[in-house]
Amino acid sequence: MSSQPNSYTDSNSQHAGGAAPQQAPERPAGEDPARQSLLNVRAEVGKAVVGQDATVTGMLIALLCGGHVLLEGVPGVAKTLLVRALSTALSLDTKRVQFTPDLMPGDVTGSLVYDSHSSEFTFREGPVFTNIMLADEINRTPPKTQASLLEAMEERQVSVDGLSRPLPVPFIVAATQNPVEYEGTYPLPEAQLDRFLLKLTMPLPGRAEEIEVIRRHAVGFDPRNLAAAGVLPVAGAVELSAAQAAVADVTVAPEILAYIVDVVRATRSAPSFQLGVSPRGTTALLNTSKAWAWLSGRTFVTPDDVKALSLPCLRHRVGLRPEAQMDGIQVDDVLGSILASVPVPR
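Being a predicted model, the structure only gives us computed values, none of them experimental. (Residues numbered from 1 in each chain as written. Predicted model: local features only at pLDDT ≥ 70, side-chain atom pairs only at ≥ 80, totals over all residues. Heavy atoms only, no water.)

*Asks:* When you look at the packing of helix α10 (residues 279–295) against helix α11 (residues 303–314) in this model, what are you seeing that I'm missing?
*Replies:* Describing two packed helices takes the angle between their axes plus the distance from one axis to the other. Contact pair α10 / α11: the axes reach a minimum separation of 9 Å and the direction vectors enclose 130°. When the axes of α10 and α11 are compared, the pair comes out oblique. The way α10 lies across α11 gives a crossing that is right-handed. Here Gly281, Ala284, Leu285, Thr288, Ser289, Trp292 and Ala293 of α10 lie close against α11, whose contacting residues are Asp305, Val306, Ala308, Leu309, Ser310, Cys313 and Leu314. (Axes fitted to C-alpha atoms, helices over the stretch in contact; angles between N-to-C directions. Helix = DSSP H or I, 4+ residues; strand = E, 2+ residues; numbered from the N terminus. Parallel < 35°, antiparallel > 145°, perpendicular 65-115°, else oblique. Left-handed = near helix turned anticlockwise from the far one by under 90°. Contact = heavy atoms within 4.5 Å.)

Put into structure tokens, the structure is as follows:
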């Protein structure tokens, strides 16, 4: 598994001779209220989470696109805290499910229960009925339970006893998996991985960031009490809906569309890959590039936007050949080579 950071905030990333865009600049509140509200959300999350700006931005992009996120990082890098802080700042509901080997599909989606008073079966909603569902260690549960999320992720509904029940709007799954502790895990199948819009890596903090983490704890920071940490709701479903509408209006030139397709098609012929990116991944790269362009204050997509989102958008949709794995080749390195070789439109 790659440990490289998410490229849209990595100041050291160089693709095809150009640096990946930095985090979106702060804009005056009067310029675009929807954009400013989301930038305010990022600032609020920063009151609780230190050193994970790239992941926060990735989560915002996922919400703007209505897509799901796979978070990868060792225990203790604030994955759960990040989701809780984000949902608080956006006034959204969130539920956490610990995926274990004995977890059943009904424990996630909900099930019919017998009501002795009415002598009827009634549906009891599962934790999937929320805005942001944190699926913790999703690869520790059997494939049957993993598959219970497929309909919810793709159709935004749950079908039980022949009835389809819509999920709240917005709805995204933020699933976590551990990159080093694989004993007793069930790897996610390609079909389910492909349904995640982004795969974000959460690295260990740097020295200065870790000093800031313990400084906050030394003066009484309690990760279970976000209100005491000063994390406040600064946006809601209305602002998020307005932002999504604005992202949909971002224009993409024909040559940029062709560039996106060329990048994706190059993954299908790369010698190190036995599995390339599907057309769903092509659409995902388009949508996330539009969201990043909008967050950056533009109404059009540039090649740099595509480069910036290529790693988090594509890294989980490809598969290395066994010989490439034995040679220690990393997925992100191959994707970086593809970005450096595909001609950039001018």
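*Asks:* Any chance you could explain the packing of aromatic side chains here in plain terms?
*Replies:* In this description, a pair of aromatic rings is defined by centroid distance and the angle of the planes. Counted by the stated rule, this structure contains 1 aromatic pair. With a centroid separation of 5.9 Å and an interplanar angle of 70°, the aromatic rings of Phe123 and Phe129 are classed as edge-to-face. Phe129 shares its class with Phe123; the two are buried. A cation over a ring is seen here: Arg35 above Trp294, with NZ or CZ 5.0 Å from the ring centre. The ring of Phe123 has Arg165 sitting right over it, with the charged end atom 4.1 Å from the ring centre. (Phe/Tyr/Trp six-rings, centres within 6.5 Å; stacked < 30°, edge-to-face > 60°. Buried < 20%, exposed > 50% of the residue type's maximum accessible area, 1.4 Å probe, protein only. Lys NZ or Arg CZ within 6 Å of the ring centre and 35° of its normal.)

*Asks:* Got a minute to help me understand the pairing of strand β3 (residues 68–72) in this structure?
*Replies:* Both faces of the sheet carry side chains from a regular strand, because those side chains alternate between them. Counting buried residues in β3 gives 5 out of 5 residues, a clear majority hidden from the surface. What you see with β3 is no split at all: His68, Leu70 and Glu72 on one side and Val69 and Leu71 on the other are buried throughout. Inspection of the sheet shows β3 paired to strand β11 (residues 196–201) by 5 bridges, in the parallel sense. Directly across from Glu72, in β11, lies its bridge partner Thr201. Across 4 bridges, the pairing between β3 and strand β10 (residues 172–177) is parallel. Opposite Glu72, over in β10, you have Gln177 as the bridge partner. (Pairing = 2+ DSSP bridges.)

*Asks:* What is the right way to look at the sheet that holds β10 in this model?
*Replies:* Within a sheet, each strand pairs with its neighbour through backbone hydrogen bonds, oriented either parallel or antiparallel. The strand order across the open sheet built from 5 strands is β4-β7-β10-β3-β11, with neighbouring strands paired in parallel fashion. Every other strand in the sheet has two partners, leaving β4 (94–98) and β11 as the edge strands with one partner each. Neighbour to neighbour, the strand axes of the sheet diverge by 20° on average, direction disregarded. As paired elements, strand β7 (residues 132–136) and β10 share 4 bridges and run parallel to each other. Residue pairing across strands places Ala135 opposite Ala175, the latter belonging to β10.

*Asks:* Help me out: how do you make sense of unusual backbone geometry in this one?
*Replies:* Glycine aside, negative phi is the norm for most residues, and most peptide bonds take the trans geometry. The step from Val169 to Pro170 runs through a cis peptide bond, and the omega angle for that step is 0°. With respect to the helices and strands, the residue Pro170 is situated in the loop between β9 (163–166) and β10. The phi torsion at Glu137 lies on the positive side, around 55°, for a residue other than glycine. By secondary structure assignment, the location of Glu137 is in the loop between β7 and α5 (143–155). Positive phi, close to 55°, is recorded for Arg156, a residue that is not glycine. As for its placement among the helices and strands, Arg156 is situated in the loop between α5 and β8 (157–160).

*Asks:* Can you help me understand a nonpolar patch on the surface in this one?
*Replies:* A cluster of nonpolar side chains, contributed by Leu112, Tyr114 and Phe121, occupies part of the molecular surface with about 340 Å² of accessible area. Within the element layout of this structure, Tyr114 appears in strand β5 (residues 110–115). (Patch = residues over 30% accessible without salt bridge, like charges linked within 9 Å, V, L, I, M, F, W, Y side chains within 5 Å. Areas by Shrake-Rupley, 256 points an atom, 1.4 Å probe, with all protein chains shown as cover. Salt bridge = Lys/Arg side-chain N within 4 Å of Asp/Glu carboxyl O.)

*Asks:* Could you clarify how one ought to interpret the state of the cysteines in this entry?
*Replies:* Two cysteines form a disulfide when their sulfur atoms are joined by a covalent bond. Counting across every chain of the model gives 0 disulfides. No disulfide involves Cys65; its sulfur sits 8.5 Å from the nearest other cysteine sulfur, which is in Cys313. With relative accessibility at 25%, the residue Cys65 sits in the partly exposed group. Since its relative accessible area comes to 0%, Cys313 is described here as buried. (Disulfide = S-S within 2.5 Å.)

*Asks:* What should I look at first to understand the environment of Glu209 in this one?
*Replies:* Within the fold, Glu209 resides in helix α7 (residues 207–218). Separated by 159 residues in the primary sequence, Glu209 and Val50 place their C-alpha atoms 6.4 Å from one another. Setting aside anything within four residues of it in sequence, one finds Glu209 in contact with Val50 and Gly51.

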